[in-house]
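Here is what each chain is made of, one letter per residue.
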Amino acid sequence: MAEFPRAPGSPSNSSQVELLSQFAESNSYQTEQQLQSATGFGAGLVCLCAETLVGYPFIVLRRQCQVNVWCKAADLSPWLMLKAIYQIQKRQGVATLWKGFTCHMMMEGLQLTTDSCISHVTELPKELPSLSEGLARTLGYVTLKTVSTIATLPILSAVLLDTVQSESARADSATPMSCLKDAIYRFTGSGSSYQYRLLLPVHQLIIPTVVYTLSWDLVGHIVHSTVLKLCKMRQSTKQSDKDNRRQAKDPLTENIWPELLAGTVHCFVADFSLLPLELIMNRLHLQGTRAIVDNVLDAQSVIPYQASYNNVQQCVEALIDSEGVPSFWKGCSALLLQYSTRLAVVHT
């Protein structure tokens, strides 16, 4: 059968097949990449929710230990923390371990929203830039986080109060609306829940809160990048062995697991290294709020938080004189339990 003549410059049948094959491979690669991205996002989101839900009771215990002026850091062992969790939920119900959780999540959302709004208006970076990006972007990030922290500072005080307040001493359950009301009272320095003469003005809380926020971000950024580099070096060594054995790549191990591990490690290192600063910040925020906290030593009684610090220096001096230097690490056992459970969730 006669064939129709091809037009000059038209591709042959073999070249057409080759082009179609390359197009199919390209689409398959893009589909695989999108599937891996969606899988990574889903896995990260599930892990984040699980970590938050599982680890939140230990955050509550850590903050209660930090404002307990009657106990020593050596008395707060991990075993005592587990015993306190069991006794408190037995006496007050399981929900008491997640008290203030909705307000805590609202605070996280407000911080992210504030950062995004400021970044959108001013074009300042939301993430801590690397040194190679220049000093101007670093200063822009510091400015953004400072403004964002000041804007949400009264809400942080209200969230801390909802977290440590014992359910047995609470008239009404904590809600986002009650948290916002307490934030307004905290900003104005008035309200029935506060002792006016002991309440520190908001402007005295700015420096310790901003320093803690920026220090946490800096430590976390350094540790996160370091862990990722170590994971990539380990993966490159393993991949060379797999290439020699002609084994397939595992996208979960290569892309998702290093990010989850780096996120867990950098949060733990930042929280642990800045535990003394967190303790000072929490005590200054809660001073004059008439907080009644559960006594983690016996998990049966409640104790009032009473302090009369005038500034950060006086708080540090009073801690050293009355409670000792180890008191700066109160809540360390709860922190270890929190990240042990978080690492278990990530690993599974």
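Only a predicted model underlies this, so the values are computations on that prediction, with no experimental measurement involved. (Residues numbered from 1 in each chain as written. Predicted model: local features only at pLDDT ≥ 70, side-chain atom pairs only at ≥ 80, totals over all residues. Heavy atoms only, no water.)

Peer 1: Break down a nonpolar patch on the surface for me, citing the residues and quoting the values.
Peer 2: A cluster of nonpolar side chains, Leu53, Val54, Val94 and Trp98, forms an exposed patch at the surface whose accessible area comes to about 320 Å². Relative to the helices and strands, Leu53 is located in helix α1 (residues 13–66). Note on Leu53: relative accessible area 44%, which makes it partly exposed. (Patch = residues over 30% accessible without salt bridge, like charges linked within 9 Å, V, L, I, M, F, W, Y side chains within 5 Å. Areas by Shrake-Rupley, 256 points an atom, 1.4 Å probe, with all protein chains shown as cover. Salt bridge = Lys/Arg side-chain N within 4 Å of Asp/Glu carboxyl O. Helix = DSSP H or I, 4+ residues; strand = E, 2+ residues; numbered from the N terminus. Buried < 20%, exposed > 50% of the residue type's maximum accessible area, 1.4 Å probe, protein only.)

Peer 1: Residue-level account of the packing of helix α4 (residues 135–164) against helix α8 (residues 275–286), with values.
Peer 2: Two quantities define a packed helix pair, namely the angle between the axes and the distance from one axis to the other. Two elements in contact, α4 and α8, have axes whose closest approach is 9 Å; the angle formed by their N-to-C orientations is 95°. By the criterion of interaxial angle, the relationship of α4 to α8 is roughly perpendicular. Mapping the contact onto sequence places Leu153, Leu156, Ser157, Leu160, Leu161 and Val164 in α4 and Asn282, His285 and Leu286 in α8. Residues of the contact of α4 with α8, tallied by class, amount to six nonpolar, three polar and no charged. (Axes fitted to C-alpha atoms, helices over the stretch in contact; angles between N-to-C directions. Parallel < 35°, antiparallel > 145°, perpendicular 65-115°, else oblique. Contact = heavy atoms within 4.5 Å. Nonpolar A, V, L, I, M, F, W, Y, C, P; charged D, E, K, R; others polar.)

Peer 1: Go over helix α3 (residues 101–122) with me, naming the residues and quoting the values.
Peer 2: Between the first and last C-alpha of α3 there are 32 Å, a value that for 22 residues agrees with the 32 Å anticipated at 1.5 Å per step. Restricting attention to buried positions, one finds in α3 the residues Phe101, Cys103, His104, Met106, Met107, Thr114, Asp115, Ile118 and Ser119. Looking at the residues trailing α3, positive phi occurs at Glu123, about 60°. (Expected span 1.5 Å × (residues − 1).)

Peer 1: Could you give me a rundown of the packing of aromatic side chains, with the residues and numbers involved?
Peer 2: In total, this model carries three aromatic pairs according to the counting rule given. Here Tyr56 and Phe101 contribute two aromatic rings whose centre-to-centre distance is 5.2 Å and whose plane-to-plane angle is 80°, an arrangement assigned as edge-to-face. You can see Tyr56 sitting in helix α1 and its partner Phe101 sitting in helix α3, a full 45 residues away along the chain. Residue Tyr56 shares its accessibility class with Phe101, and that shared class is buried. (Phe/Tyr/Trp six-rings, centres within 6.5 Å; stacked < 30°, edge-to-face > 60°.)

Peer 1: An account of empty space enclosed by the protein is requested, with residue identities and associated values reported.
Peer 2: The final tally for this structure, using the stated rule, is one cavity of 30 Å³ or more. Computed from the structure, the largest cavity encloses a volume of approximately 50 Å³. In terms of lining, the largest cavity is formed by Val60, Leu61, Gln64, Ile88, Thr96, Leu97, Lys99 and Asp294. Counting residues per element, the lining of the largest cavity draws most heavily on α1, at three residues. Taken together, the residues of the lining of the largest cavity break down into four nonpolar, two polar and two charged. (1 Å grid on protein atoms, 1.4 Å probe; cavity = no way out; pocket = protein on both sides within 12 Å on 5 of 7 lines; lining within 4 Å. Points joined across faces, edges and corners; volume = space filled by probe spheres on them.)

Peer 1: Account for the packing of α8 against helix α9 (residues 312–322), with residues named and values stated.
Peer 2: Viewed as axis vectors pointing N to C, α8 and α9 meet at an angle of 110°, and their least axial separation amounts to 10 Å. When the axis of α8 is compared with that of α9, the two are roughly perpendicular. For α8 against α9, the interelement crossing comes out right-handed. Across the interface between the two elements, Leu279, Ile280, Arg283 and Leu284 from α8 touch Val312, Cys315, Val316 and Leu319 from α9. Across the contact of α8 with α9, the residue classes tally to seven nonpolar, no polar and one charged. (Left-handed = near helix turned anticlockwise from the far one by under 90°.)

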